[in-house]
Every structure is written in C-alpha cells, then in structure tokens.
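Topology and contacts: notes
If you want the building blocks of each chain, they are given just below.
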Amino acid sequence: MNPLPSVVVALVAIAALLFAPGVLEGQETTAPRQMRHFWHVFAAYAIAWVLLFGWAVSIARRIGRLERRVGGGEGT
Amino acid sequence: MSLATVRWGALVLGVAGVALTLLFHWQVFFWVPTEASMGIVQRIFYIHLPAAWVGFLAFGIVAICSAVYLWLGEEKLDQAAVAAAEGGMIFTTIVLTSGPLWARLAWGTWWTWDPRLTLTLLLWFIYLGYFLVRSSTENPERGRRFAAVVGIVGALNIPLIHMSVVWFRSLHPPPIVARQDGPQLHPDMLTTVFTALGAWTLIFFSLFLLRYGVGRLEARIEQGVIPS
C-alpha cells in the first residue's frame, strides 16, 4: 500500500484547520501577539514531527506485514 | 543485504538522529538567542532550512538513482529512488507548511506567488507526479522508466529554487548560510542550524534505509525469490 495518499489527506486536514477563515483572526484580537508567535512555532514543529512520525509508522507497518507474509523475516 | 542488517543500520542512524534532535530542540528553545526583529517566530527557521536541505538531498538521490537506473536497468536503483522520493516529499511538505506559518507573522500573509515559493510548490507537485506516473501504466517496467525521467527533470528545479532569490525580485530573504562569502548568522544560530541539519539527515537516512529494505523485500516476494 502506498503511504503517500494518507499523508496527503492528513496534510489537507491540517491545512484546512490552519487556514480556516476567522480562526486565527479571532485569536489576534483576544490573545497577545507573543502568544500567536508561540502558537505558530508550536504548529510548525508539531506538523514536522507528525509527518516524520507518520512516515516511520507507515514503514514499520509495511515491515510488519512483510514479515507476516514471509513467516518471520527472511533476507532481502 | 538482509532485513536484519538494514534494521540495525537504520537503528544506529535513527538513535543518533533522535539524540541530535533532542539536542537541537534544547538549543532552539533554551539556548539560541531570539532574533531581534522577528522574535520567537524566527525559531521556525531551525526546522525550515534543514528540511529544505534534506528535501533537496533526497530529490538529488532520486535523480542520481533514476539516471543510473535508466542506464543500467537495475531494479534496486529504482527502489532506492522511490525510498528517497518519499523522504523528499515529507521534508518538502515540512518546508511548505512551516514557511507559511512563519510568513504569516513575518510578511503578513500565508502565501505569496514569490519565485522561490512557487518553484518549491512546483517541486512538490513534480514528485507527486513521480508517484502518480509509476502507477499510471499497465506495464510496471514502463511506469518505472517514466517515473525515472520525472525524477531527473524534477531535480533540475533545485538549483533554480536556490538561485531564484538572487535572480528575481523576491520577498523571500536571500541565502544567509549557503553563501559564497560565508554564512551571515550569529554563531549560536549557525550551530543550531547545523545540529538540526545533522539530526534530520540522520533521521532521513535511517528511514530511507528501512524504506529501501521494504522495497527490496517486496520485490523479491513478487518475483518469487522469497516464498510468501
């Protein structure tokens, strides 16, 4: 199974949340600008780690599936 | 090369990568000075730039493996190219998401059709096409060859992305690390960037190795070399 479609779907979902009209504009009036900086830094790092972790998990799942197929992991 | 060997290699690289990652997160959040004009949000730089470099490295590997695959026809080179292309997509996606989060506060907009941003988005779409082309033909061998051509053509975009801020009027700042006259960055910031670059390069090669091992094993099962 190609893991990219699931990554793309996850990305589109994150982008939809991030770019939803009014969400961030609303924060701008209520929260101090400094908090908004923190929020952006947190979001950038979180997205990066979700993507990397997602890639690692997709590879691990493929390895597990292959090992079950070959009955315990023979040589490649 | 056995899957066990691949796993050990990936584990060693992965552990080293995670250790460097912990170090660079400590540097980013507790050690490096805050940039005077942009403030806290500039700390996105420490993932944005290394992700771009690792993405370019990955697509460079795709191009080299694809070119040699077209020449020699060795299937394992195609499998290495696919593994690198997946990593390149992940790291370029990090660039394309961290950039707008930074730009919204630094430039006042999420996105602008600036040459560097546009070319980076084009790079992402070219390698998305790389995967689509592979599965678009009934003959897998033909799909692999088409994809190899896309993989080579896509990498030609990388020097354009690097030089776009020099050649064209751009909102994106010019290179501050990879410059002919040397990096123009506070030494602590430079150290943090290189730690992050080292961490993500190690993590990339760790996952690349695992993904390549999976590809090899899948191919050998399909060819009947290993009975399923």
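That block above? That's the structure.
Just so it is clear, the structure is predicted and the values come from calculations on it, not from any experiment.

Calculation rules
Residues numbered from 1 in each chain as written. Chains lettered and ligands numbered in written order. Predicted model: local features only at pLDDT ≥ 70, side-chain atom pairs only at ≥ 80, totals over all residues. Heavy atoms only, no water. Helix = DSSP H or I, 4+ residues; strand = E, 2+ residues; numbered from the N terminus. Buried < 20%, exposed > 50% of the residue type's maximum accessible area, 1.4 Å probe, protein only. Contact = heavy atoms within 4.5 Å. Buried area = accessible area lost by both parts, 1.4 Å probe. Salt bridge = Lys/Arg side-chain N within 4 Å of Asp/Glu carboxyl O. Polar contact = N/O pair within 3.5 Å; in protein donor to acceptor, adjacent residues only side chain to side chain. Nonpolar A, V, L, I, M, F, W, Y, C, P; charged D, E, K, R; others polar. Core = buried A, V, L, I, M, F, W, Y, C linked by side-chain atoms within 4.5 Å. Axes fitted to C-alpha atoms, helices over the stretch in contact; angles between N-to-C directions. Left-handed = near helix turned anticlockwise from the far one by under 90°.

Residue and element names in this part refer to chain B. Within the element layout of this structure, Val-32 appears in the loop between α1 (3-31) and α2 (45-72). Judged by its relative accessible area of 4%, Val-32 is buried. In this structure, the C-alpha to C-alpha distance between Val-32 and Asp-188, residues 156 residues apart in sequence, is 5.8 Å. If we ignore the near neighbours within four places in the chain, the residues touching Val-32 are Gln-27, Arg-43, Tyr-46, Asp-188, Met-189 and Thr-192.

A word on the interface of chain A and chain B. At the junction of the two partners, chain A supplies 37 residues and chain B supplies 50 residues. Buried area between chain A and chain B, both sides added, is near 4200 Å², and the carbon and sulfur share of it is 75%. Counting across the interface, chain A meets chain B through three salt bridges. Salt-bridge contacts for B:Glu218 lead to A:Arg62; the nearest nitrogen and oxygen are separated by 3.0 Å. On inspection of chain A and its partner chain B, the count reaches seven residue pairs in polar contact (both at pLDDT 80 or more). Of all the secondary-structure elements, those providing two or more residues to the side of chain A that touches chain B are α1 (4-18), α2 (23-30) and α3 (33-70) of chain A. Ranked by residues supplied to the side of chain A that touches chain B, first place goes to α3(A) with 25 residues. For the side of chain A that touches chain B, a count of residues per class yields 24 nonpolar, six polar and seven charged.

Ranked by size, the top nonpolar core spans 79 residues in total, and within it B:Ile94, B:Tyr130, B:Trp200 and B:Phe204 carry the most contacts. Mapped by element, the contributors of at least two residues to this core are α3 of chain A together with α1, α2, α3 (75-106), α4 (115-134), α5 (140-155), α6 (157-167) and α7 (187-222) of chain B. Top contributing element to this core by residue count: α7(B), with 16 residues.

Residue and element names in this part refer to chain B. For the pair α3 and α4, the least separation of the axes is 10 Å and the interaxial angle reads 145°. Considering only the axes of α3 and α4, their crossing is left-handed. Across from Asp-78, Ala-81, Val-82, Ala-85, Glu-86, Met-89, Thr-92, Thr-93, Val-95 and Leu-96 in α3, the residues of α4 making contact are Thr-120, Leu-121, Trp-124, Tyr-127, Leu-128, Tyr-130, Phe-131 and Arg-134. Grouping the amino acids of the contact of α3 with α4 by side-chain chemistry returns 12 nonpolar, three polar and three charged.

Looking at where B:His172 falls in the secondary structure, it is placed in the loop between α6 and α7. Excluding its chain neighbours within four sequence positions, the residues that come into contact with B:His172 are B:His48, B:Trp107, B:Asp114, B:Arg116, B:Leu117 and B:Val165.

What follows concerns the pattern of salt bridges. Applying the stated criterion to the full structure yields seven salt bridges over all chains. Three or more residues joined by partner-sharing salt bridges are found here, namely A:Arg62, B:Glu86, B:Arg211 and B:Glu218.

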